[in-house]
Amino acid sequence: MTRQPDVVVIGAGPNGLVAANHLADQGWDVLVLEAQPGVGGAVRSAEDVHAGFVHDTFSAFYPLAEASPTIRSFGLEDHGLTWRHSPAVLGHPTQDGEWAMLHRDRSITASLMERQSPGDGEAWLTLCEQWDRIGGHLVNALLSPFPPVKHGLGALARLRSVGGLDFVRTMLTPAVELGRGRFRGESPRLLIAGNAGHADIPLNAPGSGLMGVLMTMLGQTVGFPVPEGGAGQLTQALARRFESLGGEIRCSTEVTGIDVERGRAAGVRTVAGERIRVRKAVVADITAPSLYGGLVDVEDLPARTVSAMRTFELDPGTVKVDWALDGGVPWASAPPHAPGTFHVADSVEQMTDALGQVSARAVPAKPFMLAGQMTTADPTRSPAGTESLWAYTHVPQSTVRDAGEGGIRGEWDRDDCERFADRMQDRIEALAPGFGSRILSRRVLGPREMEARDANLIGGAINGGTSQLHQELIFRPVPGLGRAETPIKGLYLGSASAHPGGGVHGAPGMNAARAAIAHDRVRRVAEGGRRAVGAVTKVGRR
Ligand SMILES: Cc1cc2nc3c(=O)[nH]c(=O)nc-3n(C[C@H](O)[C@H](O)[C@H](O)COP(=O)(O)OP(=O)(O)OC[C@H]3O[C@@H](n4cnc5c(N)ncnc54)[C@H](O)[C@@H]3O)c2cc1C
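Throughout, a residue's number is its position along its own chain's written sequence, starting from 1. Confidence filtering applies because this is a predicted model: local features only for residues at pLDDT of at least 70, side-chain atom pairs given and counted only at 80 or more, and all residues used for totals across whole chains, interfaces and linings. Just so you know, side-chain values use all the structure's heavy atoms and leave hydrogens and water out.

Describing the packing of aromatic side chains
Two rings belonging to Phe, Tyr or Trp (six-membered ring only in the last case) form a pair when the distance between their centres is within 6.5 Å. Interplanar angles under 30 degrees mark stacking, angles over 60 mark edge-to-face geometry, and anything in between is tilted. Counting across every chain of the model gives 9 aromatic pairs. Measuring from centroid to centroid gives 6.3 Å for tyrosine 62 and tryptophan 83, while their planes differ by 45 degrees, and the two rings are tilted. Taken together, the residues span a long stretch of sequence, with tyrosine 62 in the loop between β4 (53-56) and α2 (63-67) and tryptophan 83 in strand β5 (residues 83-84) at a distance of 21 residues. Centroid distance tryptophan 99 to tryptophan 331: 4.9 Å. Interplanar angle 85 degrees. Geometry classified as edge-to-face. Residue tryptophan 99 is located in strand β7 (residues 99-103), and its partner tryptophan 331 is located in the loop between β14 (317-325) and β15 (339-344); the two are separated by 232 residues in the primary sequence. Residue class for tryptophan 99 comes out buried when judged on its relative accessible area of 5%. Per-residue accessibility, obtained with a 1.4 Å probe over protein chains only, is compared with the maximum for each type, and a residue is labelled buried under 20%, exposed over 50%, and partly exposed between these values. Of the residues examined, tryptophan 331 reaches a relative accessible area of 13% and is grouped as buried. Two limits define a charge over a ring: the Lys NZ or Arg CZ must be within 6 Å of the ring centre, and within 35 degrees of the ring normal. Its end group placed over the ring of tryptophan 28, lysine 280 keeps NZ or CZ at 4.5 Å from the ring centre. Secondary structure is summarised from DSSP: a helix means a run of H or I of at least four residues, a strand means a run of E of at least two, and numbering begins at the N terminus for each.

Focus on the nonpolar core
Working definition of a nonpolar core: buried Ala, Val, Leu, Ile, Met, Phe, Trp, Tyr and Cys residues. They are joined through side-chain atoms within 4.5 Å. By size, the foremost hydrophobic cluster in this structure holds 52 residues, and its most contacted members are Phe61, Trp124 and Leu203. Take this core: its biggest share by element is 8 residues, from helix α5 (residues 120-143). Ignoring any residue separated from it by four or fewer positions in sequence, one finds leucine 203 in contact with Pro174, Ala175, Val176, Ala193, Ala196, Gly197, Ser208, Met351, Thr352 and Leu355. Within the second largest apolar cluster, 39 residues are counted, among which are Leu76, Ala484, Ala512 and Ala513. Here, residues are in contact when the closest pair of their heavy atoms is within 4.5 Å.

Observations regarding the environment of glutamate 449
Relative to the helices and strands, glutamate 449 is located in helix α17 (residues 447-453). When the C-alpha atoms of glutamate 449 and aspartate 25 are compared, they prove to be 35 Å apart, with 424 residues separating the residues in sequence. Polar contact criterion, stated in full: a pair of N or O atoms within 3.5 Å, where within protein one must be able to donate a hydrogen and the other to accept it, and residues adjacent in sequence count only if both atoms are side-chain atoms. Separated by 2.7 Å, the side chains of glutamate 449 and arginine 453 make a polar contact.

Here we look at the sheet that holds strand β13 (residues 281-284)
One open sheet holds the 5 strands; their spatial order is β9-β2-β1-β13-β21, and the pairing between them is parallel. Edge positions in the open sheet fall to β9 (248-250) and β21 (491-493), since each of these has one partner strand only. Strand after strand, the sheet turns through a mean of 20 degrees between neighbouring axes, direction not considered. Axis lines are fitted through C-alpha atoms, for helices just across the contact stretch, and the angle between N-to-C directions can take any value from 0 to 180 degrees. Sheet strands in contact with helix α11 (residues 232-244) are β2 (30-33) and β9, and its direction is about 130 degrees off that of β9. The pairing criterion is simple: DSSP has to find at least two bridges between the two strands.

Comments concerning the packing of α5 against helix α6 (residues 149-159)
Two elements in contact, α5 and α6, have axes separated by 8 Å at closest approach and are oriented at 155 degrees. The angle between α5 and α6 places the two elements in the roughly antiparallel class. Handedness of the α5/α6 crossing: left-handed. In this structure, α5 contributes Arg133, Ile134, His137, Leu138, Asn140 and Ala141 to the contact, and α6 contributes His151, Gly152, Gly154, Ala155, Arg158 and Leu159. Think of it as three bins: nonpolar holds Ala, Val, Leu, Ile, Met, Phe, Trp, Tyr, Cys and Pro, charged holds Asp, Glu, Lys and Arg, and polar takes everything else, Gly as well. In terms of residue class, the contact of α5 with α6 is made up of 5 nonpolar, 5 polar and 2 charged. Note that the term roughly parallel is reserved for angles under 35 degrees, roughly antiparallel for angles over 145, roughly perpendicular for angles of 65 to 115, and oblique for everything else. In this scheme, a crossing is called left-handed if the near helix is turned counterclockwise away from the far one by less than a right angle; it is called right-handed if the turn is clockwise.

Side note on the sheet that holds strand β6 (residues 88-93)
Strand order in this open sheet of 7 strands is β7-β6-β15-β17-β18-β14-β20, and the pairing throughout is mixed. Taken across any chain shown, the strands that pair with only one partner, and hence form the sheet edges, are β7 and β20 (439-445). With direction set aside, neighbouring strand axes in the sheet form an average angle of 15 degrees. Here β6 pairs with β7 via 5 bridges, running antiparallel. When the bridges of β7 are listed, glycine 91 appears paired with methionine 101.

Right under this line is the structure:
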């Protein structure tokens with residue numbers, strides 16, 4: 001007889017695995033179905049670029065996981081996870097041969113800034129002290145279901161101590177401006193704007209400043225840690241913990257539909273034609289467009305959901321390049337401390353231009369790049385003296401022109417991908433002459449290849465939908481569906497398409513699991529009440 005679990009979790013990405021762990025912790029019988037041959041979603045790694053080198057396939061640095069109360073509470077260190085840190089968190093080489101640099105030791109960050117621009121060291125320490133007072137509450141509020149009553153009140157209570165409305169205004173200031181008000185030099189501006197560029201909020205729009213400060217201050221306080229041995233060790237640890245609780249994961253099992261009976265999720269259908277019924281719930285670690293009108297038939301959805309989904313906006317596509325190098329990156333001007341991550345942009349203004357080109361549906365002429373020196377962060381990634389390196393950048397979901405000279409069409413076939421990878425590589429070569437001669441192997445993952453390896457990365461969108469304010473909080477994924485609950489009873493959205501969005505913090509998964517548990521309790525109480533009323537009525541009739 002086919003097994004009937006309490007809950008099926010669709011997708012073994014970090015959010016699906018977080019949901020599965022929490023549900024198993026609560027004693028639920030959980031079955032996870034994953035389309036790919038292995039678990040992890042966009043948190044995977046393999047030795048598939050060059051022998052002896054581990055490369056992270058997608059994501060690489062996990063400050064949000066380290067700051068996430070949910071992920072910390074799982075004690076993944078007991079399941080094989082070891083965090084590693086690079087000597088410096090983040091660097092940004094500048095045109096004049098200097099580096100903007102975030103070191104985990106705030107006094108070192110401050111003294112580097114002070115040397116470049118007197119007064120900035122103290123201004124940096126002031127920002128850090130403000131973050132010490134309010135940052136934990138802000139992070140917890142962001143990672144809670146909306147509205148975040150408890151942590152929101154905690155942040156409000158501390159607002160006066162960090163400058164009241166002045167602090168609020170700073171957080172609302174676009175990233176491109178935020179640094180200018182508080183610092184004299186370029187380095188803090190570059191760090192804040194570059195970190196804001198991890199999301200797709202335009203650097204001159206509100207929301208980008210908060211994102212920039214959040215990621216920069218997380219870098220300053222928890223660092224940008226990486227799992228020893230590869231990104232996949234994080235999701236492997238989540239999977240091991242889940243299985244140790246009796247949970248089951250079936251890989252190579254794509255879910256092709258969700259059965260809805262009388263407005264309630266009754267089970268799922270798999271690509272092999274299997275029907276699995278659930279006792280309590282289905283948690284979907286898949287994107288909103290793949291759920292609404294995808295796995296759930298349009299006929300099973302209210303008209304308002306179908307029409308709201310027409311306004312759902314994806315984030316831009318992505319091209320990621322991995323290199324195996326037979327030496328370190330030969331920087332023209334060496335950084336004062338070796339950074340795990342580095343950003344590539346000529347200036348804050350050039351970064352804004354490049355991101356603006358993507359918004360205007362042009363292939364960027366000089367892409368703003370995020371990059372990682374993984375062996376610098378974790379020496380187990382490749383042989384001593386070599387480097388496992390990657391860089392990624394964003395490209396339009398649909399392209400109208402190439403802002404550069406290569407005539408890249410935006411088809412993202414092999415030709416487009418390789419030529420765009422050359423453009424990205426040239427950016428590093430300009431900062432590190434001789435870079436090309438150190439390459440043992442190169443792999444290019446364009447938008448199509450990304451989606452083939454993880455169906456949630458639609459057109460290379462890494463965050464399950466734009467992070468711009470109009471699709472955040474109560475508007476995520478669309479207005480009226482701002483929580484994990486869906487219009488179908490017993491079905492919960494637990495992916496990055498749900499509040500609070502992309503990044504490896506597990507909040508959407510945890511919110512979905514908690515919602516499923518809370519609704520099940522209410523349902524059981526209501527059923528108990530109905531049974532009691534039925535019994536009393538029967539006795540009355542007798
Ligand atoms: C290139 C790249 C770089 C990134 N860098 C970082 C970073 O450094 N730090 C960070 O915090 N975040 C980063 N992110 C973002 C982060 O990885 C994602 O936000 C996060 O993985 C989202 O988790 P998820 O569980 O919602 O979805 P995913 O990780 O995408 O997992 C979804 C899973 O569901 C499976 N699935 C989909 N459809 C079905 C189906 N029908 N049936 C069964 N299974 C299905 C998929 O195969 C996949 O395993 C990056 C993402 C990318 C792509």
